[in-house]
Amino acid sequence: MKPLQHTNSYYAASINEVNNYPELKGHQTTDICIIGAGFSGISAGLHLSELGYKVTIIEANKIGWGASGRNGGEIIGGFSGDDVMQKKNNTNDADLIWDMRWEGNDIIRNRVKQYDINCDLKWGYLDVAIKKRHIKSLESSYEDMQKHQYPHDISLLDKQETSNLIGTDAYIGSLLNMGNGHVHSLNLCIGEAKAAAALGATIYEQSPVIKIDKENKPKIHTASGSISANTLLLAGNAYHQLDKKMRNFIIPVNSFVIATEPLSDEIIQKINPKDFAVCDPNYILEYFRLTGDKRLLFGTRLNYDGNDESYMKSELRKKMLRIYPDLNNVKIDYAWTGKIGVTINHIPQLGKLAPNVFYSQGYSGHGVNMTHLAGKIMAEAISGTMKRFDLFNDIRPIAVPGTHLIQRPLLSLGVMLYKIRDLL
Ligand SMILES: Cc1cc2nc3c(=O)[nH]c(=O)nc-3n(C[C@H](O)[C@H](O)[C@H](O)COP(=O)(O)OP(=O)(O)OC[C@H]3O[C@@H](n4cnc5c(N)ncnc54)[C@H](O)[C@@H]3O)c2cc1C
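How each quantity is defined
- Position numbers for residues start from 1 in each chain and track the written sequence from start to end.
- This being a predicted model, a pLDDT of at least 70 is required before a residue's local features are given, and a value of 80 or more before pairs of side-chain atoms are given or counted; all residues contribute to the totals for chains, interfaces and linings.
- Side-chain figures throughout are based on the complete set of non-hydrogen atoms in the structure, without hydrogens or water.
- We define a salt bridge as a contact between a side-chain nitrogen of Lys or Arg and a carboxyl oxygen of Asp or Glu at a distance within 4 Å.
- In this description a helix means any DSSP run of H or I spanning at least four residues, a strand means any run of E spanning at least two, and both kinds are numbered starting from the N terminus.
- Throughout, exposure labels follow a simple rule: accessible area from a 1.4 Å probe, protein chains only, divided by the maximum for the residue type, with under 20% read as buried, over 50% as exposed, and the rest as partly exposed.
- Each pair of aromatic rings taken from Phe, Tyr and Trp, with Trp reduced to its six-membered ring, is defined by centres within 6.5 Å and is described as stacked if the planes are under 30 degrees apart, edge-to-face if over 60, and tilted in the remaining cases.
- Here a residue is near a molecule or strand as soon as one of its heavy atoms is found within 4 Å of it.
- Throughout this description, a polar contact denotes any pair of N or O atoms lying within 3.5 Å of each other; where both atoms belong to protein, one of them has to be capable of donating a hydrogen while the other can accept it, and for residues adjacent in sequence the pair is counted only when both atoms sit in side chains.
- Only the protein chains shown count as cover for residues, and the accessible areas themselves come from Shrake-Rupley with a 1.4 Å probe.
- Three classes are used: nonpolar for Ala, Val, Leu, Ile, Met, Phe, Trp, Tyr, Cys and Pro, charged for Asp, Glu, Lys and Arg, and polar for all others, with Gly counted as polar.
- Only buried Ala, Val, Leu, Ile, Met, Phe, Trp, Tyr and Cys residues count toward a nonpolar core, and they belong to the same one when joined by side-chain atoms within 4.5 Å.
- What makes two residues a contact is simply this: any of their non-hydrogen atoms within 4.5 Å.
- To estimate the expected span of a helix, subtract one from its residue number and multiply by 1.5 Å.
- Think of it this way: DSSP has to see at least two bridges between two strands before they count as a pair.
- The definition of a right-handed crossover adopted here requires that, viewed with the strands pointing away, the path from the first strand over the helix to the second runs clockwise.

J.: Help me out: how do you make sense of the pattern of salt bridges in this one?
T.: Where charged atoms from two side chains of opposite charge approach closely, those side chains can pair. In the structure shown here, the tally under the stated rule is 20 salt bridges. The salt bridge involving K194 is made with E17; its shortest N-O contact spans 3.1 Å. Here K194 is found in helix α8 (residues 185-198), whereas its partner E17 is found in the loop between α1 (10-13) and β1 (26-35), with 177 residues between them in sequence. Assessed through its relative accessible area of 39%, K194 is described here as partly exposed. A residue is classified by how much of its surface remains accessible, and E17, at 35% relative accessible area, is partly exposed. Across the pair R111 and E192 runs a salt bridge whose closest N-O atoms are separated by 2.8 Å. Here the residue R111 occupies a position in helix α5 (residues 103-114), and E192 occupies one in helix α8, the gap between them amounting to 81 residues. Residue classification places R111 among the buried residues on the basis of a relative accessible area of 3%. Three or more residues joined by partner-sharing salt bridges are found here, namely E103, K376, E380 and R388.

What follows is the structure in structure tokens.
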């Protein structure tokens, strides 16, 4: 595994502060070793550092190199499969699960403030409806949130009100939620890593882990060093290739994003004057928002597993123009792809491989909020409070042997089936 630099994205081109961390050399010891410096690893590392543990985070490439530094930056409450988990559990646990739904958003909000992280954090998000059944589902979410005394402003909007806010007739209504929002995810991840380092965490970059010993006192190995730890946390998610058993727990699915050139004030006033994030309800969903420097960032999934920039630009541009035909003359400056870790039951996987070896992964495309909560739950578990960890750990991951080998046909089939479901 050769260490890599960030993928060519809008995010990488607009990093606020470059912090280079050294490569691991020689043998080190630590309380907790975390493999992977995306949101899962960094969030857990920061929580554990706040609790006073000696934490070491080891990253194959750069901080936020994976999905965390490439995503749509949409901070969406809830987590994939939360409704299923709520139904499965008794009333007390169902309430506990409800309370967790927006906790990740709060963690982001508090951290950005506490550690003064410059990451274009904005609040305000529209869940838009395309079909009548989507309106029903938004109404039911609204009622549910009212019932649980959701602390942020929410309102149901009709077609015209939605169009007034986001300058398109593509949607028949929406739910505006001021407790969701959007962020420059790579700058958030880099800022959180810096905060963990300031609290004493040791971070290594450009250091792919090539072997893990899971017995008694876990030990990890890179080409030029090793770390012995009391506890190990695997946070490589869809990029994790090391542990064979875990490789079968999640399906890595490619997702795609483009960013336009910065838009004029006139266009901004027309398409998104309030600077809200937008997401549709389809399985093969489309989402968009403005960046800090007023580009339109637009993302979706494609039945494609390459990373040809001109192909990605042209395919996503067509989809963007269906919503905003007036952007026809706007240049697309960036296109990139990243891997989402999708689980078979769509529920995130927080579990253990051995007594001192934990893992957290598989947020199924809904991870900006959930990784922040997962980091906290992993920190609780590692420090001995198992209640919330057990809610997830009790759901055995469904393994699909050989997913990484048959990824391409599996992905095509999945995209096709989900497209059909979206049409119904
Ligand atoms: C294109 C795209 C758009 C998305 N949009 C959204 C969105 O708008 N909202 C939302 O909520 N979610 C979104 N997601 C999902 C979200 O980004 C992820 O769920 C989340 O970032 C996962 O974080 P993570 O830390 O678990 O994994 P990652 O960020 O992928 O981090 C894993 C890290 O582990 C490292 N690693 C792996 N193996 C090793 C090894 N052997 N040694 C050392 N390091 C290793 C990798 O290099 C990588 O940096 C999107 C994802 C993608 C790809």
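J.: Explain the packing of aromatic side chains here, please?
T.: Two measures describe an aromatic ring pair: the distance that separates the ring centres and the angle between the ring planes. Following the criterion strictly, the structure yields 13 aromatic pairs and no others. Here the aromatic rings of W65 and Y239 are separated by 5.0 Å at their centres, their planes lie at 65 degrees, and the arrangement is edge-to-face. Of this pair, W65 sits in the loop between β2 (55-58) and β3 (74-75) while Y239 sits in the loop between β10 (225-234) and α9 (244-247), placing them 174 residues apart in sequence. Residue class for W65 comes out buried when judged on its relative accessible area of 13%. Judged by its relative accessible area of 25%, Y239 falls in the partly exposed class. For the pair F249 and Y359, a centre-to-centre distance of 6.0 Å together with 45 degrees between the ring planes defines the contact as tilted.

J.: Looking at this structure, I do not really get the site of the ligand. What am I missing?
T.: Not every one of the 38 residues close to the ligand is listed here, only the nearest: S40, E59, S68, E74 and V368. F39 has a polar backbone atom sitting 3.0 Å from an oxygen atom of the ligand. Between the ligand and G73 there is a distance of 3.5 Å, counted from an oxygen atom to a backbone nitrogen or oxygen. The fraction of the free accessible surface of the ligand (1,000 Å²) that becomes covered by protein chains is 98%. For the shell around the ligand, the elements supplying multiple residues, two or more each, are α2 (39-50), β11 (250-260), β15 (332-343) and α12 (368-382). In terms of residue class, the shell around the ligand is built from 17 nonpolar, 17 polar and four charged.

J.: In this structure, what is going on with the nonpolar core? I would like to understand it.
T.: The nonpolar side chains of soluble globular proteins are, as a tendency, buried together. The biggest cluster of nonpolar side chains holds 62 residues, and the ones touching the most others in it are I34, I63 and F392. No other element matches the nine residues that α12 contributes to this core. When near neighbours in sequence (up to four residues on either side) are disregarded, F392 contacts F79, M85, M100, I347, P348, L350, M370 and I377. V128, Y171, L316 and V330 belong to the second-largest nonpolar core, a separate cluster that totals 30 residues.

J.: Quick question: what am I supposed to make of helix α11 (residues 309-323) here?
T.: Note: α-helices contain 3.6 residues per turn, so residues at a spacing of three or four share the same orientation. If you check α11, its first and last C-alpha atoms are 21 Å apart, about what 15 residues at 1.5 Å a residue would give, namely 21 Å. Listed as buried for α11 are M312, E315, L316, K319, M320, L321 and I323.

J.: Is there a simple way to think about the pairing of strand β6 (residues 173-182) in this case?
T.: For a regular strand, side chains alternate in direction, first toward one face of the sheet and then toward the other. With nine of ten residues buried, β6 lies mostly within the body of the structure. Relative to β6, strand β4 (residues 122-129) runs antiparallel, the two sharing seven bridges. Opposite L126, over in β6, you have L176 as the bridge partner.

J.: Whenever I open this one, the pairing of β2 confuses me. Can you help?
T.: Of the two faces of β2, the one carrying V55 and I57 and the one carrying T56 and I58 are both buried. Looking at chain direction, β1 and β2 are connected through four bridges and run parallel. Counterpart to I35 in the pairing with β2 is I58. Between the parallel elements β1 and β2, the chain passes through α2 in a crossover that is right-handed. Two elements, β2 and strand β7 (residues 202-204), share three bridges in a ladder whose sense is parallel. Residue pairing for β7: T56 is matched across the bridge by T202.

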